[in-house]
Amino acid sequence: MKRDHSEHPDQPDQPGHSGRPDLEALLRSLRVWDTELPAFDPGATPAEPVPLFVEWFAAAVAAGQPEPHTPSLATTDAEGRADVRTVMLHGADAADGWTFASHSGSAKGRQLAARPYAALGFYWPVQGRQVRVRGPVRTSPAEVAQADLHARSTGALAAALTGHQSEVLSSTSELARASQAAWEQAQREPDAPVPSWTAYALQPDEVEFFQGDARRRHVRLKYRRTEEGWLKELLWP
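A quick note: this is a predicted structure, and the numbers were derived from the prediction, not measured.

**Student:** Quick question: what am I supposed to make of the environment of H218 here?
**Tutor:** With respect to the helices and strands, H218 occurs in the loop between β8 (206-211) and β9 (219-226). Sequence-wise, H218 and H69 are 149 residues apart; in three dimensions their C-alpha atoms are separated by 23 Å. Residues within four places of H218 in sequence aside, it is in contact with W33, F210, Q211, G212, D213 and P237. Within the structure, the side chain of H218 is placed 3.0 Å from the backbone nitrogen of D213, a separation counted as a polar contact.

**Student:** What am I meant to see in the pairing of strand β4 (residues 97-103) here?
**Tutor:** The side chains of a regular strand alternate between the sheet's two faces. Among the seven residues of β4, seven are classified as buried, and the element is accordingly described as predominantly covered. Across three bridges, strand β3 (residues 91-93) lies against β4 in antiparallel orientation. Paired with G91 across the two strands is T99, which belongs to β4. Two successive antiparallel strands, β3 and β4, enclose a turn made up of three residues. Pairing geometry for β4 and strand β7 (residues 197-202), over six bridges, is antiparallel. Each residue of the ladder has a partner; that of F100, found in β7, is Y200.

**Student:** How should the side chain of D77 be read in this particular structure?
**Tutor:** Positionally, D77 belongs in the loop between β1 (72-76) and β2 (82-86). The buried category is assigned to D77, whose relative accessible area is 11%. One polar contact links the side chain of D77 to the main-chain amide nitrogen of E79, over a distance of 2.9 Å. The residues touching D77, leaving out its near neighbours within four places in the chain, are Q111 and R115.

**Student:** Explain the nonpolar core to me, please; I cannot follow it from the model alone.
**Tutor:** When a protein is soluble and globular, its nonpolar side chains tend to lie buried together. Ranked by internal contacts, the top residues of the largest apolar core, which has 25 residues, are F53, W98, L120, F122, V131 and F209. Contributing elements (two or more residues each) for this core: α2 (49-62), β4, β5 (117-124), β6 (129-139), β7, β8 and β9. Considering every element that reaches this core, the biggest residue donor is α2, with five residues. Once residues within four sequence positions are removed from consideration, F209 is found in contact with F40, P49, L52, F53, W56, Q130, V131, V219, R220, L221 and Y223.

**Student:** Sorry, what's going on with helix α5 (residues 154-162) here?
**Tutor:** For the α-helix, the turn length of 3.6 residues means that residues three or four positions removed from each other point alike. Taken residue by residue, α5 has L157, A158, A160, L161 and T162 as its buried positions. In this structure, the buried residues of α5 make contact with β4, α4 (142-150), α6 (172-188) and β7. Count one or two residues on from α5 and you reach G163, which has phi positive near 65°.

Rules behind the numbers
- Residues numbered from 1 in each chain as written.
- Predicted model: local features only at pLDDT ≥ 70, side-chain atom pairs only at ≥ 80, totals over all residues.
- Heavy atoms only, no water.
- Helix = DSSP H or I, 4+ residues; strand = E, 2+ residues; numbered from the N terminus.
- Contact = heavy atoms within 4.5 Å.
- Polar contact = N/O pair within 3.5 Å; in protein donor to acceptor, adjacent residues only side chain to side chain.
- Buried < 20%, exposed > 50% of the residue type's maximum accessible area, 1.4 Å probe, protein only.
- Pairing = 2+ DSSP bridges.
- Core = buried A, V, L, I, M, F, W, Y, C linked by side-chain atoms within 4.5 Å.

Below is the structure:
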């Protein structure tokens, strides 16, 4: 979870011998959760994880958490090497699980094709909360991905039309030309198809809710899928 440096005294931001910032001093000067955090009673939680996620997500939005809908997505490639990046959440429900989208030819698209299992990590520091989701990933029907894309902004469509995600780029000027052409097409053809755009649904085996506590008595509640349904377990922090 979050590394705690509160046992160390404050240290000033002194430059190192190179004249650059001193990373160790900066790390030791930082504090975690210097604010009042919400209480969390795991005994009053729903039987399934999605309703609790929606409740926490709404609370994060209400608390002013910047971009609460951008979790980290962890995947592995065909050789089992881990990778992680930030994505945008497109939805969460009991039927489809947690959904996001990308090009099928992107690094994450290729990795999910090779190993269709992933994890999502949400961190909302305003309330000291984390949500971890992991499980198998499936692709949704193409019409679902296209409908989702065309319900979004012109910029989202232009970015998708630009394509070539994760490929080597020769120069920023090449990107500028391709992006300009994609913006013009998106404005001219708001329903333009993007065949490589793919919607993914992560249907979790496990969902963990972490509530930070200033006295380090963090509450961790894990939902684990079983043949009989969801099992709830408390974990040591």
